[in-house]
Amino acid sequence: MLHTMTIITPAKLNLHLQILGSHPSLSGYHELRSIMTKISLYDQLDITIESAKAEHYVLKGFVIDKEKDILYKAYRYFMNRTNITFSLEITLLKKIPQQAGLGGGSSNVGSLLIALNNYFNNPIPATILCSESKILGADIPFFISSHNAAIVEGIGEILTPIPGKKMKFLLIKPEEDMPTPYAFTTLRKQMQLPNPHAITKHALSNIWSANDISQMQRTFSNDFTIILPTQHPETYSILNALRKHPEALWCGMSGSGTTIFALFKSDHIYESEMLQYQSMGYFSTIAETLID
Ligand SMILES: C[C@](O)(CO)[C@H](O)COP(=O)(O)OP(=O)(O)OC[C@H]1O[C@@H](n2ccc(N)nc2=O)[C@H](O)[C@@H]1O
Ligand SMILES: Nc1ncnc2c1ncn2[C@@H]1O[C@H](COP(=O)(O)OP(=O)(O)OP(=O)(O)O)[C@@H](O)[C@H]1O
């Protein structure tokens, strides 16, 4: 039987991100604590599933080697885990910049796994899907979850939902990419682990609930900004310019970089700033947090 569907898959922002230390059992991974929120910047997946068919996978609209394609890895994982064989064709319309700290690939995979699981009547229980998917990508459990905002711990699989907060951000990404494994290796050389400055989950939750943007600006941080001056000077200069911007209430970097986000005092600033950054050749867009 042939079944087609279209899904849109959101990007995320890490509004706070601290690396706590090496993971005790998952070699090569780190434990982290982050505040993550889904935002209104989307990729689109057009999916065609043909059940009771031999294994067959095609990805259109996005060029990537099959061995690096995490959607293909997710397809293989799903078939192995469920013993269901089917053919899958995906057309991917990419709007989320890659290697940007916006979790685009992880979001594609999260949405695909949910769609496959729904279509085949949930052969993988939701909690297991959430926990096992972390091996395909540490951000995937957050995208599989229904939470729009969460405190994220472990390598990315321990989720504590927090209330969604309506916020509008300007996003800016220069050409510089930050491959996540490289970012972790570089960061390790420059920071003390276990992290002596880690903010507790309880404190993060209290600050989030207090709803005070200036307190968030003062307290929330991203450890990966430490490596910007040497690794990504252009991103660093954008961040510094926004830190000094008289209208910016809060700015920071998402994930392992290199997308910078900024929240402004007045609504009319967003568009003019976006156009200015676009005219400088940067990716720039305006996105809002998703709330329930
Ligand atoms: C930094 C974050 O963007 C924060 O949201 C994510 O944790 C990164 O998630 P991701 O891009 O899905 O990362 P993955 O594809 O799972 O991992 C790529 C590599 O990053 C490193 N990595 C990733 C996540 C983590 N908690 N510890 C790590 O050390 C590992 O070397 C891993 O092999
Ligand atoms: N469907 C996909 N979409 C995007 N990237 C993919 C996909 N499949 C595989 N990749 C590979 O994964 C790499 C990183 O993916 P992506 O850009 O989504 O993550 P990211 O921006 O590093 O996000 P984060 O670090 O926040 O998880 C890409 O450079 C690309 O080579």
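How each quantity is defined
- Residues numbered from 1 in each chain as written.
- Chains lettered and ligands numbered in written order.
- Predicted model: local features only at pLDDT ≥ 70, side-chain atom pairs only at ≥ 80, totals over all residues.
- Helix = DSSP H or I, 4+ residues; strand = E, 2+ residues; numbered from the N terminus.
- Rg over C-alpha atoms; globule rule 2.2 N^0.38 Å.
- Buried ≥ 20, exposed ≤ 12 C-beta atoms within 10 Å, placed from the backbone.
- Domains from an automatic or database assignment.
- Contact = placed C-beta atoms within 7 Å.
- Nonpolar A, V, L, I, M, F, W, Y, C, P; charged D, E, K, R; others polar.
- UniProt positions renumbered as here; feature names shortened; annotations may be inferred.
- Near = placed C-beta within 6 Å.
- Pairing = 2+ DSSP bridges.
- Axes fitted to C-alpha atoms, helices over the stretch in contact; angles between N-to-C directions.
- Core = buried A, V, L, I, M, F, W, Y, C linked by C-beta atoms within 7 Å.

### Some words on the overall build of the protein
Regarding its fold elements, the protein presents ten helices and ten strands. A globule of 292 residues ought to have a C-alpha radius of gyration of about 19 Å, and the protein, at 19 Å, matches this closely. Over its C-alpha atoms, taken along the principal directions, the protein stretches across nearly 60 × 45 × 35 Å. Sorting the 292 residues of the protein into buried and exposed places 41% on the buried side.

### Observations regarding the domain arrangement of the protein
Assigned domains of the protein: these are domain 1 (2-161) and domain 2 (168-288). Taking only C-alpha atoms into account, the centre of domain 1 sits 24 Å from that of domain 2. Domain 1 puts 25 residues into the contact, and the matching count from domain 2 is 34 residues. For the side of domain 1 that touches domain 2, the secondary-structure elements that each account for two or more residues are β1 (2-22), β2 (30-51) and β5 (149-153). Of all the elements, β1 adds the most residues to the side of domain 1 that touches domain 2, at ten residues. In terms of residue class, the side of domain 1 that touches domain 2 is made up of twelve nonpolar, eleven polar and two charged.

### Examining the UniProt feature "domain: GHMP kinase N-terminal" (unreviewed entry) in the protein
As recorded in UniProt, the sites labelled "domain: GHMP kinase N-terminal" (unreviewed entry) are residues 70-145. Taken end to end, residues 70-145 is 54% helix and 11% strand, and its first and last C-alpha atoms sit 18 Å apart.

### Some points on the UniProt feature "domain: GHMP kinase C-terminal" (unreviewed entry) in the protein
The sites that UniProt annotates as "domain: GHMP kinase C-terminal" (unreviewed entry) are residues 224-267. Measuring from the first to the last C-alpha atom of residues 224-267 gives 29 Å, for a span that is 36% helix and 25% strand.

### Remarks on the site of ligand 2
Around ligand 2 sit 19 residues in total, of which Gln98, Gly103, Gly104, Gly105 and Gly255 are the nearest. Only α1 (70-82) and α2 (104-119) provide two or more residues apiece to the shell around ligand 2. By residue class, the composition of the shell around ligand 2 is five nonpolar, eleven polar and three charged. In this structure, the shell around ligand 2 is formed jointly by two domains, domain 1 (2-161) and domain 2 (168-288), each of which donates at least three residues.

### Topic: the site of ligand 1
The local shell around ligand 1 holds 19 residues, among which His30, Gly137, Ala138, Ile155 and Gly255 are the closest. Counting residues per element, the ones that place at least two in the shell around ligand 1 are β1, β2 and α5 (180-190).

### Some thoughts on the sheet that holds strand β10 (residues 283-288)
Within the open sheet, the four strands sit side by side as β8-β9-β7-β10. Their pairing is antiparallel. Edge positions in the sheet fall to β8 (248-253) and β10, since each of these pairs with one other strand and no more. Across the sheet, the axes of successive neighbouring strands diverge by a mean angle of 20 degrees, strand direction being ignored. Note: strand β7 (residues 168-173) against β10, six bridges, orientation antiparallel. Paired with Leu170 across the bridge in β10 is Ile286. Its contacts with the sheet put helix α10 (residues 269-279) on β7, β9 (260-264) and β10, and the angle it makes with β10 is roughly 155 degrees.

### Points about the nonpolar core
Judged by nonpolar contacts, the single largest core of 68 residues is most densely connected at Ala74, Leu113, Phe169, Leu239, Ile260, Phe261 and Ala262. Take this core: its biggest share by element is seven residues, from β2. Residues from two domains meet in this core; each of domain 1 (2-161) and domain 2 (168-288) gives at least three. Apart from the residues within four sequence positions on either side, Leu239 is in contact with Thr225, Leu228, Cys251, Met253 and Ile260.

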